[in-house]
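Residues per chain are reported as follows:
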Amino acid sequence: MKLTFCFLISILFFSCRQSNNDHNIYGKWSLKFKSGPLAEVRFRNNGTHDYYVDGKLFSSGKSTFKNDTLRSYDPICGGNGEYYGTYTIDFLGGDSIRFKAIEDSCEPRRIDMDGTVLHRIKK
Amino acid sequence: MKIYFIVTLLIAGVVVLSNSFCSNANALPKDDIALGKQLFFDTILSSNKKISCASCHKPEFAFADTSAVSPGVFGRMGVRNTPSAMNLNSAAFFFWDGRATTLEAQAMFPITNPLEMNLPIDSAIERLTKNEFYNTAFQQIFGEKPSVKTLGKALAAFQHSMETSDSPFDEWKTNDSESAVSESVKRGFELFNGDAKCVKCHFGTDFSNTEFRNIGLFNGKNLNDSGRAALTKNTADLGMFKIGPLRNIALTAPYMHNGMFKTLREVIDYYDQPDKVVGDPVNRDTLLAKPLNLSEQDKQDIENFLRSLTSVSLEKKKL
């Protein structure tokens, strides 16, 4: 009985751990913006992210990811202010995520990102 | 005496024939990029056949020039600093005032500008058509004789090919090599994106932008180039100039539309305390309203970051 209980707890622990791993955005992702170019985004576990277009860095920002919610700061939006955005991340199977805008002070970014699907770039 | 005359004549004949043979043997360019490159370096497109695009856009300086303004035909001096002809694929406008919106259109302006190459475009096309080499090359590559359209296409194709992405910065950021740049460069990039506000204008793949800004180098007096306003006739555009790309910027001194800053450090000092250099700017962007108050270390870090944007292959060619 005790052994069975331990076994069940172990399964529960590992399945929870697996689930947490699934909901991890750190790493490299590819995306196709509605407005055109094929891009890459890298979320780093030091709280920074970088966007690349055509193999060149396009912009760098900061972000936090918690409870499937991404809070992002990017310094550019065509004006002189600071631009924060909050997005829900839907995990679509193992290798894809979709951004759903909650709020974003940068309208062009919201237009680009809302509904956009990213695909994990495998090593 | 007679024998010497005959020998000399024979030698001269051989030289002339071999020259002729060699020039005929010049291989035709294989594509539009190669044709554009050949045209870019050829003086055929200037009225006195002494100036080519490359006379001002010098390859060893990232296709920019080292003087504040460049001399054109007959030593006539231009009015604005020669920008780099590289890394323009993301540009929406060309020239400091944005008068052209495509590289194809841009290519025609220096040819016809009286201060630069001074050749009416019809004359340029006529020269190319009468030139057996170019006439054949254009027909082979574009399926038609030289024309304004195909000349623009060829020169633009060459310029489109001049993208660089092999700088130490790229190695750090794109290839994830932390050791590719110094800690100073990393701090400089942080400042660039943050307190120094550079990123507000210089962003994107080439650290440029599609906008025009007035950074305070117009006062209507000693600094009287009104920039984009001269083109648009809109007073809101007074003193506005295109935001230039920063890739290879360490190779393209002097800086700004008038080449008034000789070094990157002078540029950084200006942005730090613009009022110290121009006390009476007209229509200056609000981004420059307050001094940045950068420390000496900050300035050095930003300069090092800018230097890290230099293409390794270009640097090697320069050496």
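Everything in this summary refers to the structure shown in the same document. Quick caveat: nothing in here was measured; it's all calculated off a predicted structure.

### What about the interface of chain A and chain B?
- The interface of chain A with chain B comprises 19 residues on the first partner and 23 residues on the second.
- Buried surface at the junction of chain A and chain B, summed over both partners, amounts to about 1,600 Å²; 47% is from carbon and sulfur atoms.
- One salt bridge in this structure joins Arg44 of chain A and Asp176 of chain B, with 3.0 Å as the shortest N-O distance.
- In this structure, the connection of chain A to chain B is made through 13 residue pairs in polar contact (both at pLDDT 80 or more).
- Going through the elements one at a time, β3 (48-53) and β4 (56-66) of chain A are the ones with two or more residues in the side of chain A that touches chain B.
- Counting residues per element, the side of chain A that touches chain B draws most heavily on β4 of chain A, at 5 residues.
- Within the side of chain A that touches chain B, the residues separate by chemical class into 6 nonpolar, 6 polar and 7 charged.

### Quick word on the sheet that holds β3 of chain A
- Spatial strand order, β1-β2-β3-β4-β5-β6-β7-β8 (chain A): 8 strands in a closed barrel with antiparallel pairing. Direction aside, the axes of adjacent strands within the sheet are offset by 35 degrees on average.

### Considerations on the packing of helix α12 (residues 264-272) of chain B against helix α14 (residues 296-307) of chain B
All names here are of chain B.
- For the pair α12 and α14, interaxial distance at closest approach is 10 Å and the crossing angle is 130 degrees. Relative to α14, the element α12 lies oblique. Like other packed secondary-structure pairs, α12 and α14 cross with a definite hand, here right-handed. Between α12, through Leu264, Arg265, Ile268, Asp269 and Asp272, and α14, the contact on the second element is made entirely by Glu296, Lys299, Gln300, Ile302, Glu303, Leu306 and Arg307.
- Counted by class, the contact of α12 with α14 contains 4 nonpolar, 1 polar and 7 charged residues.

### A few points about the pattern of salt bridges
- This structure, assessed with the given rule, holds 36 salt bridges over all chains.
- Between Arg42 of chain A and Glu40 of chain A there is a salt bridge, with its nearest N and O atoms 2.6 Å apart.
- Of the residues examined, Arg42 of chain A reaches a relative accessible area of 5% and is grouped as buried.
- Note on Glu40 of chain A: relative accessible area 19%, which makes it buried.
- Across the pair Asp50 of chain A and Lys173 of chain B runs a salt bridge, and its minimum N-O distance is 3.1 Å. Pair noted here: Asp50 of chain A is in strand β3 and Lys173 of chain B is in helix α9 (residues 168-173), and the two residues belong to different chains. Both residues of the pair, Asp50 of chain A and Lys173 of chain B, count as buried.
- Linked through salt bridges whose partners overlap, the residues forming this network are Lys28, Glu40, Arg42, Arg44 and Asp50 of chain A together with Lys173 and Asp176 of chain B.

### Overview of the environment of Ala27 of chain B
- Residue position: Ala27 of chain B is located in the loop between α1 (2-24) and α2 (32-40).
- For the pair Ala27 of chain B and Ser165 of chain B, spaced 138 residues apart in sequence, the C-alpha to C-alpha distance is 30 Å.

About the thresholds
Residues numbered from 1 in each chain as written. Chains lettered and ligands numbered in written order. Predicted model: local features only at pLDDT ≥ 70, side-chain atom pairs only at ≥ 80, totals over all residues. Heavy atoms only, no water. Contact = heavy atoms within 4.5 Å. Buried area = accessible area lost by both parts, 1.4 Å probe. Salt bridge = Lys/Arg side-chain N within 4 Å of Asp/Glu carboxyl O. Polar contact = N/O pair within 3.5 Å; in protein donor to acceptor, adjacent residues only side chain to side chain. Helix = DSSP H or I, 4+ residues; strand = E, 2+ residues; numbered from the N terminus. Nonpolar A, V, L, I, M, F, W, Y, C, P; charged D, E, K, R; others polar. Pairing = 2+ DSSP bridges. Axes fitted to C-alpha atoms, helices over the stretch in contact; angles between N-to-C directions. Parallel < 35°, antiparallel > 145°, perpendicular 65-115°, else oblique. Left-handed = near helix turned anticlockwise from the far one by under 90°. Buried < 20%, exposed > 50% of the residue type's maximum accessible area, 1.4 Å probe, protein only.

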